[in-house]
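Structural overview for review
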Amino acid sequence: SKPLLGFSCFRRQRSTSQPSTAMSSGVQVSDECVTKYNGLKLGHESRYILFRLSDDLREVIVDKVAPKDAPYSDFLDSLPANDCRYAVYDFDFTAEDGGQRNKILFVLWAPDSAKIKPKMLYTSSKDGLRKK
């Protein structure tokens, strides 16, 4: 069984300048990633999206899009045991005051068993993905 994950919520910061499409590691983000993320954020079209680096390690691409009714266990099972991934998860919960809340969680999955080069690339590229 996979361990529980620690998540961090993020808010997209507004900027007056156009963000660069290249990250500090030189990795680009595909337009499909932005389109799928906006569908999750604005339309709640899916429960989560997994992103991965392309085979040539030059671009972040969509790996999997889960339907809105996908359980959390499906998300955990979708994370590879020996490779890294980025994920956004549409988390619904009930606050202490009883109100329904929703947060979009960003996850950088980098298990200990992953190779060092992908870990370094994913870590150095995550801020560029979050900003785009």
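Relevant structure appears above.
Scope of this entry: the structure provided in the associated data block.

It is worth spelling out the packing of aromatic side chains at this point. Under the counting rule described, the total for this entry stands at eight aromatic pairs. When the ring of Tyr72 is compared with that of Phe75, the centres are 6.0 Å apart and the planes differ by 35°; the resulting orientation is tilted. Residue Tyr72 and its partner Phe75 are located together in helix α2 (residues 72–78), separated by three residues, close to a single helical turn. Exposure remark for Phe75: the relative accessible area of 0% places this residue in the buried category. Feature note: the residues Tyr48, Tyr72, Phe75 and Tyr89 constitute an aromatic cluster, connected by ring pairs.

Positive phi is not limited to glycine here, since His44 has a value of about 50°. Assignment of secondary structure puts His44 in the loop between α1 (31–43) and β3 (46–53). A positive phi angle is found at Leu57, which is not glycine, with a value near 60°.

With that settled, the discussion passes to α1. An α-helical turn contains 3.6 residues, so any two residues separated by three or four positions project in the same direction. For α1, which comprises 13 residues, the first-to-last C-alpha distance of 17 Å matches the rise-based estimate of 18 Å (1.5 Å per residue) to within 8%. Along α1, the residues classified as buried are Cys33, Tyr37, Gly39 and Leu40. Taken around the axis of α1, the buried residues stretch over an arc of 155°, which confines them to a single face. With respect to the buried face of α1, the exposed residues turned more than 90 degrees away are Asp31, Thr35 and Leu42. Elements that come into contact with the buried residues of α1 comprise β2 (28–29), β3, β4 (59–67), β5 (85–94) and β6 (100–109). Residue His44 follows α1 closely and has a positive phi angle near 50°.

Here is what the cut-offs are and how they apply
Residues numbered from 1 in each chain as written. Predicted model: local features only at pLDDT ≥ 70, side-chain atom pairs only at ≥ 80, totals over all residues. Heavy atoms only, no water. Phe/Tyr/Trp six-rings, centres within 6.5 Å; stacked < 30°, edge-to-face > 60°. Helix = DSSP H or I, 4+ residues; strand = E, 2+ residues; numbered from the N terminus. Buried < 20%, exposed > 50% of the residue type's maximum accessible area, 1.4 Å probe, protein only. Expected span 1.5 Å × (residues − 1). Arc of directions from axis to C-beta. Contact = heavy atoms within 4.5 Å.

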